[in-house]
Amino acid sequence: MLAGLSRDSVRKIKVVSKRRAEALPYGAVVLERLLQATGIRDVTISAYGLREGLLTRSSRPRACARSAVEFAHAANDRLARTPAHAQEMFQWTQPLFDGESAELRRIREASAYFSDIGWRRHPDDRPVGASSQVLTAPFAGADHRARALIAVGVPPLSGDEDFPRDLVMAGLLEREDEQRARALGLAWRLAFSLSASATGELAHYRLRLTPAKVVLEVPTRREAIAGEPAQKRLGALAEALDRRGEILIG
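Keep in mind it's a predicted model, so treat the numbers as computed, not measured. The residue numbers shown here count from 1 along each chain, following its written sequence. Selection of residues for local features in this predicted model requires a pLDDT of at least 70, selection of side-chain atom pairs for listing and counting requires 80 or more, and totals for whole chains, interfaces and linings are taken over all residues. Computation of side-chain values covers all heavy atoms of the structure but excludes hydrogens and water.

1. Topic: the packing of aromatic side chains
Part 1 of the argument: Note on ring pairs: Phe, Tyr and Trp rings are taken, using the six-membered ring of Trp, and paired if centres are within 6.5 Å. Classes follow the plane angle, with under 30 degrees stacked, over 60 edge-to-face and the rest tilted. Inspection of the entire model under this criterion finds three aromatic pairs.
Part 2 of the argument: With 6.3 Å between their ring centres and 50° between their planes, Phe71 and Phe114 make a pair best called tilted. With Phe71 in helix H6 (residues 67–79) and Phe114 in helix H8 (residues 102–114), this residue pair connects regions lying 43 residues apart in the sequence.
Part 3 of the argument: The classification of residues rests on relative accessible area computed with a 1.4 Å probe and restricted to protein chains. Under 20% of the type maximum is buried, over 50% is exposed, and intermediate values are partly exposed. On the basis of relative accessibility, which here comes to 25%, the residue Phe71 falls in the partly exposed class.
Part 4 of the argument: Given a relative accessible area of 2%, Phe114 falls into the buried group.
Part 5 of the argument: Aromatic side chains Phe114 and Phe139 sit 6.0 Å apart centroid to centroid with 35° between the ring planes, which places their arrangement in the tilted category. Placement of Phe114 in helix H8 and of Phe139 in the loop between helix H9 (126–135) and helix H10 (144–152) is noted, with a sequence separation of 25 residues between them.
Part 6 of the argument: Of the residues examined, Phe139 reaches a relative accessible area of 3% and is grouped as buried.
Part 7 of the argument: In this structure an aromatic cluster arises from ring pairing among Phe71, Phe114 and Phe139. Strands here are runs of E lasting at least two residues and helices are runs of H or I lasting at least four, both read from the DSSP assignment and numbered beginning at the N terminus.

What follows is the structure, encoded as structure tokens:
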């Protein structure tokens, strides 16, 4: 398709830089001839350059799979208000996601580390801006679906207006993925409302998942924290998990 495009048609492709537009059709012809001459059936494209591709290829699969988590961890150390809080949230939300696969666990861990990178952004830009920052971040070890899940799970979702619908429309997320991504974002949002990003605070609260409810256990001395905002955020999280929210004081 590219080899047959005119110069003007190539220039209309927004993602093609002007300096590459002239050579792109010729490059497509060369690649096609190369594939025919060598009989190669599959081609792997390295998004960040040949050296990154060679490094990824020479690494063990498990190490490659964790590269997204490692990148998120480094971003958290640089940008979060309280870097240690992300790991606490990751552990605290485990009861909501028991039985998740190793891949989904890595996605949740990366999402937790990315969850506070947008706190300096203006509130109006925070959901879309933070999501876009993760979606285009230079990390490997995650396919398009995993990257979209991590990106959508990062913003402090408050409703349908904050959900990046373009990712769903692009076919990157299925209905089940959309539900999980929403649950991740709302879980971090609830955690921040209870802890105010302070380490050690989440340990005073306990999350439980039952067939019908998401239960938040709150000690009596912290009853004031479980006010209307926390109740609404718990309710939104429970709804994302097809359950009802309930707060137990005692």
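Now that the structure is up, let's keep going.
2. Details of H8
Part 1 of the argument: One less than the residue count of a helix, multiplied by 1.5 Å, gives the span that helix is expected to have. The end-to-end C-alpha distance of H8, which contains 13 residues, comes to 18 Å, matching closely the 18 Å that a straight helix rising 1.5 Å per residue would cover.
Part 2 of the argument: Residues of H8 that are buried include every one of Leu104, Ile107, Arg108, Glu109, Ala110, Ser111, Ala112, Tyr113 and Phe114, and no others.
Part 3 of the argument: Residue contacts follow a heavy-atom distance rule, with two residues in contact if any of their heavy atoms lie within 4.5 Å. Buried-residue contacts for H8 involve H6, helix H7 (84–92), H9, H10 and helix H12 (175–195).

3. A few points about the packing of H8 against H10
Part 1 of the argument: The axes are straight lines fitted to the C-alpha atoms, using for helices just the contacting stretch, and the angles between their N-to-C directions are given from 0 to 180°. Where H8 meets H10, the axes come as close as 9 Å, and the angle between the chain directions of the two elements is 40°. Taken together, the axes of H8 and H10 lie oblique to each other. Considering only the axes of H8 and H10, their crossing is right-handed. Along its contact with H8, which presents Glu103, Leu104, Ile107, Ala110, Ser111 and Phe114, the element H10 presents Arg145, Ala146, Leu149 and Ile150.
Part 2 of the argument: Asp, Glu, Lys and Arg are counted as charged, while Ala, Val, Leu, Ile, Met, Phe, Trp, Tyr, Cys and Pro are counted as nonpolar; the rest, among them Gly, fall into the polar class. Of the residues belonging to the contact of H8 with H10, the class tally is seven nonpolar, one polar and two charged. Here the word oblique covers every angle except those under 35 degrees (roughly parallel), over 145 (roughly antiparallel) and from 65 to 115 (roughly perpendicular). Rotating anticlockwise by less than a right angle from the far helix to the near helix defines a left-handed crossing, while the corresponding clockwise rotation defines a right-handed one.

4. Considering the pattern of salt bridges
Part 1 of the argument: Salt-bridge detection follows one rule: a side-chain nitrogen of Lys or Arg within 4 Å of a carboxyl oxygen of Asp or Glu. For the coordinates displayed, the defined rule picks out 14 salt bridges.
Part 2 of the argument: Residue Arg180 is joined to Glu100 by a salt bridge in which the shortest nitrogen-to-oxygen separation is 2.5 Å. Of this pair, Arg180 sits in helix H12 while Glu100 sits in the loop between H7 and H8, placing them 80 residues apart in sequence. Considered together, Arg180 and Glu100 belong to a single accessibility category, that of buried residues.
Part 3 of the argument: Connected through shared salt-bridge partners, Arg7, Arg11 and Glu22 make up one network.

5. A look at unusual backbone geometry
Part 1 of the argument: Phi angles above zero are rare outside glycine, and Ser197 is one such case at about 70°.
Part 2 of the argument: Its location among the elements puts Ser197 in the loop between H12 and strand S1 (206–209).

6. Focus: the layout of surface pockets
Part 1 of the argument: Computed over the protein atoms alone on a 1 Å grid, cavities are sets of points where a 1.4 Å probe fits but cannot get out and pockets are open sets with protein on both sides within 12 Å along at least five of seven lines; a residue lines them when it has an atom within 4 Å of a point. Grid points are joined across faces, edges and corners, and a volume is the space filled by probe spheres set on the points. Estimated volume of the second largest pocket: approximately 420 Å³.
Part 2 of the argument: Considering the residues around the second largest pocket, the lining is formed by Leu2, Val15, Val16, Arg20, Ala23, Leu24, Gly27, Ala28 and Leu31.
Part 3 of the argument: For the lining of the second largest pocket, a count of residues per class yields seven nonpolar, one polar and one charged.

7. Quick notes on empty space enclosed by the protein
Part 1 of the argument: With the rule as written, the count across this model stands at one cavity of 30 Å³ or more.
Part 2 of the argument: Its volume calculated, the largest cavity comes out at about 50 Å³.
Part 3 of the argument: Lining of the largest cavity is provided by Asn76, Ala80, Thr82, His85, Ala86, Met89, Ala112, Tyr113, Ser115, Asp116, Phe192 and Ser197.
Part 4 of the argument: Put simply, the parts of the chain that give the lining of the largest cavity at least two residues each are H7 and H8.

8. Some details on the pairing of S1
Part 1 of the argument: Bridging between S1 and strand S2 (residues 213–218) involves four bridges; their strand directions are antiparallel. The residue bridging Arg206 from the neighbouring strand is Glu217, located in S2.
Part 2 of the argument: Where S1 hands over to S2, the hairpin turn is made up of three residues, counted between the paired strands. Strand pairing follows a simple DSSP-based rule, namely that at least 2 bridges must link the two strands.

Interpretation in functional terms is not warranted from these geometric data alone.
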